[in-house]
Amino acid sequence: MLARLLILWLVFRAVPAFAGQGPLRALDPEELSIQNFLQAVETAISTLDRQRWLDLQSSAADRDQAAEFFYAMVPQGITRVVVKERDRAALQGTLPGEGYRLIVEVFMETGARGRIATWHLDIRRPRGEDLGRQPWRIVAEERLASIEGLHRLSLQPDKQFAVKNLVLRAVDFELRMPEGEAFVAETPEGVTAMVLLGEGTMVFRPMPKEERGQLKLFAGSESLETPFTSAFVRISPFEMEQRITGDMLQLVALDARAYRRGLSVFEDSVSKSYNLDLSDLSREVWSLLPQPGDFVAEVKTRRFDDLTYARSSGEAEDVTMFHRGRKRNICAYASEQKLASRGRFYDEDDSVDYDVLDYDVDASFYPDRDWMEGKTRMKIRVNTNGIGVLTLRFADSMNVSSVMSDELGRLLFLRVRNQNSVLVNLPTPVARDFPMSITVNYSGRLIRQNILDESVSLGSADGQRNAQPDDIPTVPAEPKWLFSNRNYWYPQNQVTDFATARIRITVPTDYRVIASGITEAGSPAAAPAAPSEGSTRVIARTSYSFVAPQPVRYLGVLISRMVTVDAATVALDIVPAKAPAPDMRGADTLAQQIMRLNAAVLIPPVGARNTVVLNVEANRRQESRAREALGTGADIIRLYARLTGDVPYDSITLAMVEDEVPGGHAPGYFAMLNNPPPVAGFNWRNDPASFQGFPEFFIAHELAHQWFGQAVGWKNYHEQWLSEGFAQYFAALYAKEKRGEPAFREILRQFRKWAIEDSDQGPVYLGYRLGHIKGESRTFRALVYNKGAAVLHMLRREIGDEAFFGGIKKFYAENRFKKASTDDLRRAMELASGRDLSRFFERWIYDNGIPSLRYSTAVEGQQLVVRFEQDGDVYDVPVTVAVTYADGKTAEFIVAVNDSATEARFPLTGVIRSIDANPDGAAVAIIEKK
Ligand SMILES: [Zn+2]
């Protein structure tokens, strides 16, 4: 297989998984004849016997070509050969049992080197009475793909080195060992692995400031200089030679005890990187050579256990530090060299080889067994030239039975263990823009997902779990199954990928299905009954079909016992964009002119629609709450449509379901809202953990995700605040409309409180990594959700309402059904406001400081003079100053603090009783009166 696969396999362990190879097959005489044939192929290769190979050819085969194939494919000096059948299909133009196209994998060892080749062998046997006795013969053979350069590494038992002032460097990383022992593993290209034993020092000094911050959270200091007792290093042999200079390593007499210690480090580490698991081809560990520039060190430190440093030049963030024990990424960032080649920002789409245009999922789900079976057809377009392997993301628990392509026929595939991946091998590399359809058939046990992205659970509001008193009996929540972006329930691209879709899900008739899309005409429809497991009963079933004409980032499905509560067509308050003036040239008659005028008026503005259908479905016990939700949902949708100038989808469904913890999740076209099951005497709305005075918070947040998170996606994990921060801010805007200024200010104060409390954990731009090192998801929500929203509000106050809301419309329109970045938002807001906002975003999103402001006030005549000062980095932070007059009247002014000292003057209308700064909590700053 191709180079791309090699990169994929660096850390993955692959296992072939093919259909139809049950243990019974060996007993079948037909099967036996094919196994005998493959055995003969194996013998011909292992004995390097070209004549045997030619003897396996059919009289119809081209013998010269067969000889040439053997010569080209089979290297001299072979020490071991394994031939395994991977796929079998009837050979075209043959009768049943007369001919097959076999796909075989051939693993060839030459000493410590290995290669895997994928061949197809077309085999036939003569027709006749005694069919079974005739041996198979090859009519054609072809190499499909190969992986060269596999090495079975072993620690040289005859070479021990004394270490003297050894220094090994990689980007921002150093291993130093003044004295110690070293052992090596060699390939014909040179040394590629080394074990160091002794008292060494590991130094890691990440260049980016925010990564130093993360390191500090982990290790207590911004750079790590820590003793280690052993290290395992992988490097390209060429670079090893360059780096080991002078007398850093001196060959010494072998010390058996030291070697045994070295061997234990080696065996513990060698399979952790650049390793292939060849499954039934070989039980041994086969490794690839690191590319020049790549480097891995597994370091056993005294204080921090096992740390893994890696430089992987193929990754967008090529430098990583990983804590093995806790499975945490400590640091991940782009080196200077990487930044020079890719720029400051990146798009995860650049790392994938294909684009999915459309999904067609047709699956059955059995809730009692958590079992799903079905097929998914993906229409894809290839992005890179000469791609030979497609990597699909798909749940490990799902067993794939076949992968077919309309264009290329039956495709060979591999499951990658523990990576939720399927590698699909293309028989011939395909060119850029090659359109393909791939159909995957599968079945397996699916675990419902925990909600995470485009979601909020109670606690995002102020970080507390719903504190339910222990002594109140709880009613179990109605079961539900959510399959969405986290559990890879259908074969999909490796990253979220805007695509249209059709989804058909068949379930037992007492369940209902909601999915990403509009309900298709004729849905739901009766489906064939299914036998129930372990009884003679049959299960009545119903199919639900949905179509998503507007692209969605990922597909979501919710299955539960629900009822349709209500539906409404929501009239939207969108001012349609002006249609261009009709071109009247050549419109001579009045009729022609009227026709053109009509045509011009009828041109709908891109993306705008006047109405949207809102459906509400619910678990039975949530029906009354769901009825209220219809009006609330319609109000919210109208507000968001006004703010963005659009509703992205033709219909939106609200699902009011039950869960012990309130929260929700919102894939495209629907929003799921968790409501606690009924509990005597307990009302979660009075819980201090929800936004006080704003019970519609969850529904407003989840609905906002239809616009931000779904219609507008994010380019990589750093940009997630564009989804959550916007959802949180839009929810706050709805709170203001519905509940008034006091409710809005209460929310702003909570945003500010969490932003200030947790900002020392890193910048908003770190996305999921916020709180990751400490396993504290509250930190993630405090910053990505609440600080993100607070920053949007500060931006609005900084540039004014007109520019801000104009900028939002622009940002939304430009990024609808695309992945967006903070930089896209900055540009839209700069164009709308005519201001340079680079410092604003630099401080608030890419950095994590909280400004400390001191202020003083003075009255000069009829004017109030307010002076703000800040030290260090200058933040752009608008602060509200409230004046209360002696007669009880109040006035508020906004001071745009944009410098280390800012002075503003405001007219006064009376005698001042008191002055207060930041009463609304809008400024995320510590503010003190001088
Ligand atoms: Zn959310």
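Quick caveat, the model's predicted, so the values are computed rather than measured.

Visitor: Would you mind showing me how to read helix α2 (residues 29-46) here?
Guide: Think of an α-helix as turning once every 3.6 residues; residues three or four places apart then point the same way. Under the 1.5 Å per step criterion, the end-to-end length of α2 is 25 Å for 18 residues, consistent within 8% with the ideal 26 Å. Of the positions making up α2, those classed as buried are Glu30, Glu31, Ser33, Ile34, Phe37, Leu38, Val41, Glu42, Ala44 and Ile45. Close packing links the buried residues of α2 with α3 (50-55), α4 (63-73), β2 (80-90), β3 (99-110), β4 (113-124) and β5 (137-151). Of the residues flanking the end of α2, it is Leu48, one or two places downstream, whose phi is positive at about 55°.

Visitor: Would you mind showing me how to read the side chain of Ser560 here?
Guide: Along the chain, the position of Ser560 falls in strand β32 (residues 557-560). Accessibility expressed as a relative area gives 0% for Ser560, which makes it buried. Among the polar contacts listed, one links the side chain of Ser560 to the backbone oxygen of Pro479, at a separation of 2.8 Å. Within the structure, Ser560 has its side chain in polar contact with the side chain of Asn619 (distance 3.0 Å).

Visitor: So what exactly am I meant to see when it comes to the coordination of the zinc ion here?
Guide: Tetrahedral coordination by four donors puts the ideal angle at the metal at 109.5 degrees, and octahedral coordination by six puts it at 90 or 180 degrees. Coordination of the zinc ion by the protein comes from His701 (NE2), His705 (NE2) and Glu724 (OE), over a distance range of 2.0 to 2.1 Å. Counting along the primary sequence, the residues that act as donors to the zinc ion give the motif H-x3-H-x18-E. A relative accessible area of 0% means that His701 is categorised as buried.

Visitor: Looking at this structure, how should I read the packing of aromatic side chains?
Guide: Per the stated rule, a full pass over the model turns up 42 aromatic pairs. On the basis of an interplanar angle of 35° and a centroid distance of 6.5 Å, the ring pair of Phe483 and Trp489 is categorised as tilted. With respect to burial, Phe483 and Trp489 carry one shared label: buried. Here the aromatic residues Tyr359, Phe365, Trp481, Phe483, Trp489, Tyr490 and Tyr511 are joined through ring pairs into a cluster of three or more. Lying over the aromatic face of Tyr366, Arg369 brings its terminal NZ or CZ to 4.8 Å of the ring centre. Above the plane of the ring of Tyr875 lies Arg843, whose end atom (NZ or CZ) is 5.9 Å from the centre.

Visitor: Is there a simple way to think about the nonpolar core in this case?
Guide: Across soluble globular proteins, you tend to see nonpolar side chains buried next to one another. Grouped together as the largest cluster of nonpolar side chains are 162 residues, with contacts concentrated most on Trp489, Ile559, Tyr640, Phe868 and Val877. In this structure, Leu175, Met177, Met202 and Met321 belong to the second largest nonpolar core, which totals 38 residues.

Visitor: How should I be thinking about the packing of helix α14 (residues 777-799) against helix α17 (residues 838-846) in this particular structure?
Guide: The relative placement of two packed helices is expressed as an angle between their axes plus a distance between the axes. Running from N to C, α14 and α17 point in directions that differ by 160°, and their axes come no closer than 10 Å. With respect to their mutual orientation, α14 and α17 come out roughly antiparallel. Between α14 and α17 lies a crossing whose hand is right-handed. Residues Lys787, Val791, Met794 and Leu795 of α14 pack against Phe840, Phe841, Trp844 and Ile845 of α17.

Visitor: For this particular structure, what's the right way to read the sheet that holds strand β28 (residues 512-515)?
Guide: Remark on secondary structure: sheet strands pair via backbone hydrogen bonds, oriented parallel or antiparallel. The sheet built from 3 strands is open, its strands ordered β26-β32-β28 with antiparallel pairing. Each edge of the open sheet is held by one strand with a lone partner, namely β26 (480-483) and β28. With direction set aside, neighbouring strand axes in the sheet form an average angle of 15°. Here 4 bridges tie β26 to β32, and the two strands are oriented antiparallel to one another. When the sheet's bridge partners are listed, Lys480 is paired in β32 with Ser560.

Visitor: Explain the pattern of salt bridges here, please?
Guide: Any two side chains of opposite charge can pair if their charged atoms end up close together. All told, the structure shown has 68 salt bridges when counted by the stated rule. The shortest N-O distance in the salt bridge between Arg101 and Asp122 comes to 2.8 Å. Taken together, the residues Arg101 in strand β3 and Asp122 in strand β4 connect sequence positions 21 residues apart. Note on Asp122: relative accessible area 6%, which makes it buried. With its nearest N and O atoms 2.9 Å apart, the salt bridge here joins Glu830 to Arg826. Of this pair, Glu830 and Arg826 both sit in helix α16 (residues 822-833), separated by 4 residues, roughly a single helical turn. Since its relative accessible area comes to 18%, Arg826 is described here as buried. Residues joined in a network through salt bridges with shared partners are Arg854, Glu860, Arg867, Glu869, Asp871, Glu903, Arg905 and Lys930.

Visitor: Could you clarify how one ought to interpret the sheet that holds strand β45 (residues 912-917) in this entry?
Guide: Overall, antiparallel pairing links the 3 strands, which are arranged β43-β42-β45 in an open sheet. The two strands at the open ends of the sheet, each matched to only one other strand, are β43 (890-897) and β45. Strand-to-strand twist of the sheet, defined as the mean angle between neighbouring strand axes without regard to direction, takes the value 20°. Here α14 sits on the sheet in contact with β42 (877-885) and β43, set at roughly 75° to β42.

Visitor: How do you make sense of unusual backbone geometry when you look at a structure like this?
Guide: It is generally the case that most residues other than glycine have a negative phi and that most peptide bonds are trans. For the peptide bond that leads from Ser523 to Pro524, omega is 0°, which places it in the cis range. The residue Asp370 is not glycine, and still its phi comes out positive at about 55°. In this fold, Asp370 is placed in the loop between β17 (354-366) and β18 (371-382).

Visitor: What's the story with the confidence of the model for the protein chain in this structure? I'm lost.
Guide: As a note on interpretation, predicted positions should not be read in detail where pLDDT is low. Averaged over every residue, the pLDDT of the protein chain is 88; the share at 70 or more is 88%. Counting contacts from residues 598-606, a segment whose pLDDT is below 50, to residues more than four positions away or on other chains yields 7 contacts.

Visitor: Sorry, what's going on with the pairing of β28 here?
Guide: Note on strand geometry: in a regular strand, side chains alternate between the two faces of the sheet. Neither face of β28 is open: one carries Arg512 and Ile514, the other Val513 and Ala515, and all of them are buried. Strand direction decides the pairing type here: β28 and β32, joined by 4 bridges, are antiparallel. Its bridge partner lying in β32, Arg512 is registered against Ser560.

Visitor: Is there a simple way to explain the environment of Ala61 in this structure?
Guide: With respect to the helices and strands, Ala61 occurs in the loop between α3 and α4. Ala61 gets classed as buried once you look at its relative accessible area, which sits at 11%. Sequence separation between Ala61 and Ala140 is 79 residues; the distance between their C-alpha atoms is 6.4 Å. Leaving out residues up to four positions away in the same chain, Ala61 has contacts with Ile138 and Val139.

Reading guide: rules and limits
Residues numbered from 1 in each chain as written. Predicted model: local features only at pLDDT ≥ 70, side-chain atom pairs only at ≥ 80, totals over all residues. Heavy atoms only, no water. Helix = DSSP H or I, 4+ residues; strand = E, 2+ residues; numbered from the N terminus. Expected span 1.5 Å × (residues − 1). Buried < 20%, exposed > 50% of the residue type's maximum accessible area, 1.4 Å probe, protein only. Contact = heavy atoms within 4.5 Å. Polar contact = N/O pair within 3.5 Å; in protein donor to acceptor, adjacent residues only side chain to side chain. Donors = N, O, S within 2.8 Å, 3.2 Å for Na, K, Ca; no water. Phe/Tyr/Trp six-rings, centres within 6.5 Å; stacked < 30°, edge-to-face > 60°. Lys NZ or Arg CZ within 6 Å of the ring centre and 35° of its normal. Core = buried A, V, L, I, M, F, W, Y, C linked by side-chain atoms within 4.5 Å. Axes fitted to C-alpha atoms, helices over the stretch in contact; angles between N-to-C directions. Parallel < 35°, antiparallel > 145°, perpendicular 65-115°, else oblique. Left-handed = near helix turned anticlockwise from the far one by under 90°. Pairing = 2+ DSSP bridges. Salt bridge = Lys/Arg side-chain N within 4 Å of Asp/Glu carboxyl O. pLDDT = per-residue confidence, 0-100.

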